[in-house]
Amino acid sequence: MSAVSCSTASSSGGCAFRFRSKTSIHSPNFIRIGTNSQSDRFCNHRLELVHGTRKVKGASVRMALVDERQSTSKDVAEPPRILAYDLVQGALVKWRWKDDKSVPDTPTAVLLHGILGSGKNWGTFARRLAHEFPTWQFLLVDLRCHGDSTSLKKRGPHSVATTASDVLKLVGQLRLTPRVLVGHSFGGKVVLSMVEQAAKPLPRPVRAWVLDATPGKVRAGGDGEDHPRELISFLRKLPKVVLSKREVLKALINEGFSNDVAQWVITNLRPTGPSASSFSWTFDLDGIAELYQSYEDTNLWNFVENLPRGVHVNFLKAERSLHRWALEDLQRIHAAEELASEEGGGVEMHVLEDAGHWVHTDNPDGLFRILSSSFQVLRA
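Residues numbered from 1 in each chain as written. Predicted model: local features only at pLDDT ≥ 70, side-chain atom pairs only at ≥ 80, totals over all residues. Heavy atoms only, no water.

Visitor: Help me understand the overall build of the chain, please; the structure alone is not making it clear to me.
Guide: On a plain count of helices and strands, the chain comes out with 12 helices and 15 strands. In the chain, which comprises 380 residues, the proportion classed as buried is 56%. Nonlocal contacts in the chain, meaning residues at least 24 apart in sequence, comprise 73% of its contacts between residues at least 6 apart. Accessible surface, the chain as shown: approximately 17400 Å² in total, 49% of it carbon and sulfur. (Helix = DSSP H or I, 4+ residues; strand = E, 2+ residues; numbered from the N terminus. Buried < 20%, exposed > 50% of the residue type's maximum accessible area, 1.4 Å probe, protein only. Contact = heavy atoms within 4.5 Å. Areas by Shrake-Rupley, 256 points an atom, 1.4 Å probe, with all protein chains shown as cover.)

Visitor: Which parts of the structure should I look at to understand the sheet that holds strand 11 (residues 241-242)?
Guide: Judged by pairing direction, the sheet is antiparallel, and its three strands sit side by side in the order 11-13-12 without closing on themselves. Edge positions in the sheet fall to strand 11 and strand 12 (269-271), since each has one partner strand and no second. In the sheet, strand 12 pairs with strand 13 (residues 279-281) via three bridges, with the strands oriented antiparallel. Across the sheet, the residue bridging to Arg270 is Ser280, located in strand 13. (Pairing = 2+ DSSP bridges.)

Visitor: Where do I start with the pairing of strand 6 (residues 85-89) in this structure?
Guide: Counting buried positions along strand 6 yields five of five residues, so the element is predominantly enclosed. Of the two faces of strand 6, the one holding Tyr85, Leu87 and Gln89 and the one holding Asp86 and Val88 are both buried throughout.

Visitor: When you look at the packing of helix 1 (residues 123-132) against helix 11 (residues 364-371) in this model, what are you seeing that I'm missing?
Guide: Working note: a packed helix pair is described by the angle between its axes plus the distance between those axes. Running from N to C, helix 1 and helix 11 cross one another at 45°; their axes reach a closest spacing of 11 Å. By the criterion of interaxial angle, the relationship of helix 1 to helix 11 is oblique. Where helix 1 crosses over helix 11, the handedness of that crossing is right-handed. Contacts between helix 1 and helix 11 pair Phe125, Arg128, Leu129 and Glu132 from the former with Pro364, Asp365, Leu367, Phe368 and Leu371 from the latter. (Axes fitted to C-alpha atoms, helices over the stretch in contact; angles between N-to-C directions. Parallel < 35°, antiparallel > 145°, perpendicular 65-115°, else oblique. Left-handed = near helix turned anticlockwise from the far one by under 90°.)

Visitor: Sorry if this is basic, but what is going on with the pairing of strand 8 (residues 137-141) here?
Guide: In summary, the side chains of a regular strand alternate between the two faces of the sheet. In terms of burial, strand 8 is a largely internal element, five of the five residues being buried. The two faces of strand 8 match: Gln137, Leu139 and Val141 on one face and Phe138 and Leu140 on the other face are all buried. Judged from the five bridges that link them, strand 6 and strand 8 form a sheet pairing that is antiparallel. The residue of strand 8 that forms the bridge with Asp86 is Leu140. In this fold, the crossover linking strand 7 (residues 108-112) to strand 8 by way of helix 1 has right-handed handedness. (Right-handed = clockwise from strand over helix to strand, strands pointing away.)

Visitor: How do you make sense of the side chain of His158 when you look at a structure like this?
Guide: Within the element layout of this structure, His158 appears in the loop between strand 8 and helix 2 (160-173). Residue His158 is classed as buried on the basis of its relative accessible area, which comes to 11%. A polar contact is formed between the side chain of His158 and the side chain of Arg144, at a distance of 2.9 Å. Those residues in contact with His158 that lie beyond four places of it in its chain are Arg144, Cys145, Gly287, Glu290, Leu291 and Ser294. (Polar contact = N/O pair within 3.5 Å; in protein donor to acceptor, adjacent residues only side chain to side chain.)

Visitor: Help me understand helix 9 (residues 327-337) in this model?
Guide: Residue pairs spaced three or four apart in an α-helix point in one direction, given the helix's 3.6 residues per turn. All of the buried residues in helix 9 are Asp329, Ile333 and Ala336. Down the axis of helix 9, the buried side of the element spans an arc of 60°, and every buried residue falls inside it. Each element contacted by the buried residues of helix 9 is listed here: helix 8 (301-304), strand 14 (311-318) and strand 15 (346-352). (Arc of directions from axis to C-beta.)

Visitor: How should I be thinking about the pattern of salt bridges in this particular structure?
Guide: Two side chains that carry opposite charge are able to pair once their charged atoms sit near each other. For the coordinates displayed, the defined rule picks out nine salt bridges. The closest approach of N and O atoms between Arg332 and Glu305, which form a salt bridge, is 2.8 Å. Note that Arg332 is positioned in helix 9 and Glu305 in the loop between helix 8 and strand 14, a separation of 27 residues in sequence. In the salt-bridge network here, residues are joined through shared partners; they are Glu305, Glu328 and Arg332. (Salt bridge = Lys/Arg side-chain N within 4 Å of Asp/Glu carboxyl O.)

Visitor: Help me out: how do you make sense of the confidence of the model for the chain in this one?
Guide: Caution applies to low-pLDDT parts of the model: their predicted coordinates are not meant to be read in detail. With 71% of its residues at a pLDDT of at least 70, the chain reaches an overall mean of 78. Confidence drops under pLDDT 50 across residues 1-25; counting only partners more than four residues distant or on other chains, this segment forms 70 contacts. Of the regions scoring below 50 in pLDDT, residues 35-76 engages in 111 contacts with residues more than four places distant in sequence or in other chains. (pLDDT = per-residue confidence, 0-100.)

Visitor: What should I look at first to understand unusual backbone geometry in this one?
Guide: For residues other than glycine, phi is negative in most cases, and the peptide bonds are mostly trans. A cis amide bond, omega 0°, links Gly156 with the succeeding residue Pro157. With respect to the element layout, Pro157 can be found in the loop between strand 8 and helix 2. At Asp212, a residue that is not glycine, the phi angle is positive and equals roughly 55°. Inspection of the secondary structure puts Asp212 in the loop between strand 10 (206-211) and helix 4 (228-237).

Visitor: I'm lost on the packing of aromatic side chains in this one. Help?
Guide: Here the distance between the centres and the angle between the planes together describe a pair of aromatic rings. Within the structure shown, the criterion is met by 12 aromatic pairs. On the basis of an interplanar angle of 70° and a centroid distance of 6.2 Å, the ring pair of Phe125 and Phe368 is categorised as edge-to-face. Taken as a pair, Phe125 in helix 1 and Phe368 in helix 11 lie far apart in primary sequence, 243 residues in all. Summarising the burial analysis for this pair, Phe125 and Phe368 share the class buried. (Phe/Tyr/Trp six-rings, centres within 6.5 Å; stacked < 30°, edge-to-face > 60°.)

Visitor: Would you take a moment to explain the nonpolar core for this structure?
Guide: Looking at soluble globular proteins, one finds that nonpolar side chains tend to be buried together. Judged by nonpolar contacts, the single largest core of 72 residues is most densely connected at Leu116, Leu139, Leu235, Leu252 and Phe315. Of the domains in this structure, domain 1 (80-220 + 289-373) and domain 2 (228-284) are the two that each give at least three residues to this core. If you look at the next biggest cluster of nonpolar residues, it comprises 26 residues, including Leu111, Trp136, Val182 and Trp209. (Core = buried A, V, L, I, M, F, W, Y, C linked by side-chain atoms within 4.5 Å. Domains from an automatic or database assignment.)

Visitor: Even after reading the chapter, I still don't get the environment of Leu352, so can you show me in this structure?
Guide: As for its placement among the helices and strands, Leu352 is situated in strand 15. Overall, Leu352 belongs to the buried group, its relative accessible area being 2%. Along the primary structure Leu352 and Glu319 are separated by 33 residues, whereas in three dimensions their C-alpha atoms are 5.7 Å apart. Other than its neighbours up to four places away in sequence, Leu352 contacts Leu316, Lys317, Ala318, Glu319, Val359, Asn363, Gly366, Leu367 and Ile370.

Structural data, given as structure tokens:
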């Protein structure tokens, strides 16, 4: 498979691309859309889809995705930005511009984060999937009001449904047809809403994975567990610009949040300037508060209990995340399992042992084994 590297050497001031034919099967490609390039041993190319220019080592460089067959001296018109995303490609995926119809559709999975997260939460896990399933590519999205999508200023309402619509528009713009959708917590409801809303660009059959979330009522954490509403409320009281990550960490712990949650939250602080003398949040807390309210209010049980043909929904319950699951939830999911259609549609329930709510960090090996069934059918 061709690997792509980005250079500032283009005579037109554009982004020149060099294609190399020999790439190890053990090195997935990594495309970044929406942030500055960082060192990454898996990073063969990182691109930013933006309007205008950005500075790279003193040079002004216009970044654009280009067709492998096009001259590298010409800029390509850039479509409107929808969401920031990463694209992690297996080593056997052929690099192609989205308008290139000479190559069959690449099997694609979409991975969605939860409230106060970002697409990078899935980075390590996605690279592992790309290594094991080299014909697949994995789209890691920063949802509205989160990560690098925060700057894109989405119109309200901020809801599960509008968030799902954003992702559908993104995959439509990229002309991808995802065969697998994976969502954690809030992202799990977004996945369900995507399938409910979409005819195209989602194919049939499609497999949806809802990780440690139910279609209906959201239950707050118990003692020692996370409390998203309280966390969001507390963060909204803090200054938008802070002088020290350590002070924010201390404030969160003093408020009663666990060290793990506090450490995770401060990863969303970004330096406001080159001196790193102050930091600001990468997310829109007002918008996130609205999203979380929608997460609590949105009820998708009717859809789950009346799935269209060709849709297969997998619920995964974390063994130690008992507060999120009531007996009624388990009974309704097991009842829906019995209604599976002959064409691969239906519902399945899974339990991830030795894991709390943060399934992809608590037990990544177990999660990998469970999810792998969705990718093996098209394994090269």
